[in-house]
Amino acid sequence: MKITKKGKVIGVVLVLFIFLAGMMGCSSTPEVELKSETLTIEYGQDISSCLKDNIKASAYDDQDIIDDIEYSCDQADDVDDLDVGKYTITYKLKSNEKTVALTIQDTTAPEITLKNEPSIFENDSINYDDLITVKELSSYDTSYDDSQVNYNTPGNYVATYNVKDKYGNVASIDIPVTVNELLLQTSSPASISLNPSGTSKFEVSTNCNDAITYTSSDENVVSVDSAGNLTAKNAGSATITAT
């Protein structure tokens, strides 16, 4: 009778041990399964999204496990704030880890937008930087070529604006330039005679929005103000010029 009881107790212990061992086996952490051990992405892409896309989702029956996988970078604290370069990324799921060689490259040329086409009058100048917007994540340099634009002669021309980023990517855009003829017209006679202290007005109109500037070749003979009003000072002759 005593031997039979001991046998039953041993049997219960063995069954319990096997059951517990089975439960422990079922709760083991899955391996980190990846599509590739090397990854190349373009600078400016969402790095975390690219790392997540590299996980082999088909390897997991429970898709929630994918969200439990953490990423870290050996060379930086924040994987979403990496510059162009090469990095080692560690995927970690509890005690299981795998690494990926990550390359971030910048092969995208800057994006240039022309805000408006310049239209100027002859002898005017153009600030080309004011006409352009540049979309570029990296630092960049700009230049322009206006060698084909004759600012002193009315006509239609083309200038070129160039942008080069720090990684050698280049973009350019052609800028149409219109140089308009500057017209000055006067209804005043070609010559005017005035007595000392006499006044008159030099009437001038223009197709330009800029203010007309009047000058006298001899202010001691006749003066002129900003509106073209003349005042004789002394005997003599002087030339009034409007520009």
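Residues numbered from 1 in each chain as written. Predicted model: local features only at pLDDT ≥ 70, side-chain atom pairs only at ≥ 80, totals over all residues. Heavy atoms only, no water.

## Some words on the overall build of the protein chain
Item 1. Across its full length, the protein chain holds 3 helices and 17 strands.
Item 2. Here the protein chain, with 243 residues, has 28% of them falling under the buried criterion.
Item 3. The contacts in the protein chain between residues at least 6 apart in sequence include a share of 48% that link residues at least 24 apart.
Item 4. For the protein chain, the exposed surface amounts to about 16,000 Å²; the carbon and sulfur share of it is 49%. (Helix = DSSP H or I, 4+ residues; strand = E, 2+ residues; numbered from the N terminus. Buried < 20%, exposed > 50% of the residue type's maximum accessible area, 1.4 Å probe, protein only. Contact = heavy atoms within 4.5 Å. Areas by Shrake-Rupley, 256 points an atom, 1.4 Å probe, with all protein chains shown as cover.)

## Remarks on the nonpolar core
Item 1. If you look at the biggest cluster of nonpolar residues, it comprises 22 residues, and the most contacted ones within it are Leu82, Ile89, Tyr91 and Leu102.
Item 2. Those elements that provide at least two residues to this core are strand 1 (38-42), helix 2 (47-53), helix 3 (64-68), strand 3 (85-93) and strand 4 (96-105).
Item 3. With 4 residues, the top contributor of residues to this core is strand 3.
Item 4. Discounting chain neighbours no more than four positions away, the residues touching tyrosine 91 are Val32, Leu34, Leu51, Asn54, Ile55, Ile69, Glu70, Tyr71, Asn96, Glu97, Lys98 and Val100.
Item 5. Judged by nonpolar contacts, the second largest core, of 16 residues, contains Ile112, Tyr157, Ala159 and Val179. (Core = buried A, V, L, I, M, F, W, Y, C linked by side-chain atoms within 4.5 Å.)

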